[in-house]
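One-letter residues, chain by chain:
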Amino acid sequence: MDFFPDLKVRQKIMVARRGEKEWFFSTIQDIRDGELFIEQPRQRERVLVFHPGEEVEVRITGENASYVFFTRVLGRTRDQIPLYRLAPPETIQRVQQRRFVRFPVS
């Protein structure tokens, strides 16, 4: 994957509408032609519904860090389950997880 090497199929992600603070959980189901295919985001019984062209914020926790990026919903498709197609992000921001940054001491 060119734009995000740590991305894997079946990886758990968090998704929110751009500008909103309420996060929903989803899973990456496929990565094709630079597009992400994710299952419908959920928060307990609630489902987050997107429309084509809507901007979303995605948070991914990788092996060594967390990343956040904004992307656009390209549409909806149906494999065995309903999936959303997300465009590749233009920029990805690494998020500091620790409250304090560690510095090497000599």
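Refer to the structure printed above.
Residues numbered from 1 in each chain as written. Predicted model: local features only at pLDDT ≥ 70, side-chain atom pairs only at ≥ 80, totals over all residues. Heavy atoms only, no water.

(A) Structural view of the overall build of the protein. Broken down by element type, the protein carries zero helices and nine strands. Scanning the protein from its N terminus toward the C terminus, one meets helices and strands in the order β-β-β-β-β-β-β-β-β. Put simply, the protein has 106 residues, and 37% of those count as buried. Counting every atom, the protein has about 7500 Å² of accessible surface; 45% of that belongs to carbon and sulfur. (Helix = DSSP H or I, 4+ residues; strand = E, 2+ residues; numbered from the N terminus. Buried < 20%, exposed > 50% of the residue type's maximum accessible area, 1.4 Å probe, protein only. Areas by Shrake-Rupley, 256 points an atom, 1.4 Å probe, with all protein chains shown as cover.)

(B) Spotlight on the packing of aromatic side chains. Counting across every chain of the model gives one aromatic pair. A ring pair is formed by Phe50 and Tyr84, whose centres lie 5.2 Å apart and whose planes are at 70°; its orientation type is edge-to-face. Of this pair, Phe50 sits in the loop between β5 (46-47) and β6 (55-61) while Tyr84 is found in strand β8 (residues 82-86), placing the two residues 34 residues apart along the sequence. Each member of the pair Phe50 and Tyr84 is classed as buried. The ring of Phe70 has Arg18 sitting right over it, with the charged end atom 3.8 Å from the ring centre. The residue whose ring lies beneath Arg32 is Phe37, and the NZ or CZ to ring-centre distance is 4.2 Å. (Phe/Tyr/Trp six-rings, centres within 6.5 Å; stacked < 30°, edge-to-face > 60°. Lys NZ or Arg CZ within 6 Å of the ring centre and 35° of its normal.)

(C) Quick look at the nonpolar core. Membership of the largest hydrophobic core comes to 16 residues, with the highest contact counts inside it found for Ile13, Ile38, Phe50, Val56, Val58 and Leu86. Here the element with the most residues in this core is β6; it accounts for three residues. The contacts of Val56, once residues within four sequence positions are left out, are Val15, Ala16, Arg17, Arg18, Phe50, Phe69, Phe70, Thr71, Val73 and Leu86. (Core = buried A, V, L, I, M, F, W, Y, C linked by side-chain atoms within 4.5 Å. Contact = heavy atoms within 4.5 Å.)

(D) Here's a closer look at the layout of surface pockets. The computed volume of the largest pocket comes to approximately 170 Å³. Around the largest pocket, the lining residues are Arg18, Glu55, Phe70, Thr71, Arg72, Ala87, Pro88, Pro89, Glu90 and Thr91. In terms of residue count, strand β7 (residues 66-78) provides more of the lining of the largest pocket than any other element does, three residues in total. (1 Å grid on protein atoms, 1.4 Å probe; cavity = no way out; pocket = protein on both sides within 12 Å on 5 of 7 lines; lining within 4 Å. Points joined across faces, edges and corners; volume = space filled by probe spheres on them.)

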